[in-house]
Amino acid sequence: KNEVEQSPQNLTAQEGEFITINCSYSVGISALHWLQQHPGGGIVSLFMLSSGKKKHGRLIATINIQEKHSSLHITASHPRDSAVYICAVRYQKLVFGQGTRLTINP
Amino acid sequence: ETGVTQSPTHLIKTRGQQVTLRCSSQSGHNTVSWYQQALGQGPQFIFQYYREEENGRGNFPPRFSGLQFPNYSSELNVNALELDDSALYLCASSVGQDPGYTFGSGTRLTVV
């Protein structure tokens, strides 16, 4: 079993839909990251969480430390949100999930 | 402040050759970590350097080695390249134990 599991692996939705991507982990962590990776490969850090909830524009990230679970939500999704979203946890090093490939159709 | 810069962006090498990838860390960051991302997979931790010393290593063979320089830039060296080494290699910089990371755009290595 991977230390970080994401679901779903692939998600296709229509523009405007509310999107949720889930991340579960099995180790004690000091922080959890949500990252966005576009086809060119570069990674952009969206959020770093150690508790509670963070919001940036249409993106919301939550974490439940007791349940070892985090979610990334996108409201009013747009085709430009199409990318791979990766959850990564830090306990001694960064451990990454496999990523969720999100496609938003116009 | 500048971000993390990796070079080259793309590289093609022949099996058995050696390769050096470079990373310039974000200004003020003294820790650099390297990751290998195979197609369709999440990145895997290779190793981390803090103040020019390796201070963490993932499950990669010794032919993967690195250096960090006094200006905190870093190199990843891979000897005796194998076809399975074809991947995107990502570098990230951070400050000590601070959990925030800045990622580079990666170097895509193809071994033929």
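Data block above holds the structure.
Predicted model only: the values in this text are computed from it and were never measured.

### Overview of the nonpolar core
Alright, step 1. By size, the foremost hydrophobic cluster in this structure holds 23 residues, and its most contacted members are Val-4, Ile-19, Leu-32, Trp-34, Tyr-85 and Val-89 of chain A.
Alright, step 2. Elements that contribute at least two residues to this core include exactly β3 (19-25), β4 (31-37), β5 (43-49), β7 (59-64), β8 (69-74), β9 (83-90) and β11 (100-105) of chain A.
Alright, step 3. Residues contacting Val-4 of chain A, with those up to four places away along its chain left out, are Cys-23, Ser-24, Tyr-25, Cys-87, Val-89, Val-95, Phe-96 and Gly-97 of chain A.
Alright, step 4. Formed by 19 residues, the second largest nonpolar core is a distinct cluster that contains Ile-46, Phe-60, Leu-81 and Val-111 of chain B.

### Here's the deal with the packing of aromatic side chains
Alright, step 1. Per the stated rule, a full pass over the model turns up 7 aromatic pairs over all chains.
Alright, step 2. The interplanar angle of 80° and the centroid separation of 5.1 Å between the aromatic rings of Phe-96 of chain A and Tyr-35 of chain B together place this pair among those described as edge-to-face. Residue Phe-96 of chain A is located in strand β10 (residues 94-96), and its partner Tyr-35 of chain B is located in strand β4 (residues 31-37); the two belong to separate chains.
Alright, step 3. A relative accessible area of 7% places Phe-96 of chain A in the buried class.
Alright, step 4. On the accessibility criterion, Tyr-35 of chain B (0% relative accessible area) is buried.
Alright, step 5. Seen in terms of ring centroids, Phe-96 of chain A and Phe-103 of chain B are 6.3 Å apart; in terms of plane orientation they differ by 70°. Their pairing is edge-to-face. Here Phe-103 of chain B lies in strand β10 (residues 102-103) and Phe-96 of chain A lies in strand β10, a pairing that spans two chains.
Alright, step 6. Take Phe-103 of chain B: its relative accessible area is 9%, and that puts it in the buried class.

The rules behind the values
- Residues numbered from 1 in each chain as written.
- Chains lettered and ligands numbered in written order.
- Predicted model: local features only at pLDDT ≥ 70, side-chain atom pairs only at ≥ 80, totals over all residues.
- Heavy atoms only, no water.
- Core = buried A, V, L, I, M, F, W, Y, C linked by side-chain atoms within 4.5 Å.
- Buried < 20%, exposed > 50% of the residue type's maximum accessible area, 1.4 Å probe, protein only.
- Helix = DSSP H or I, 4+ residues; strand = E, 2+ residues; numbered from the N terminus.
- Contact = heavy atoms within 4.5 Å.
- Phe/Tyr/Trp six-rings, centres within 6.5 Å; stacked < 30°, edge-to-face > 60°.

Just distances and angles here, no functional claims.
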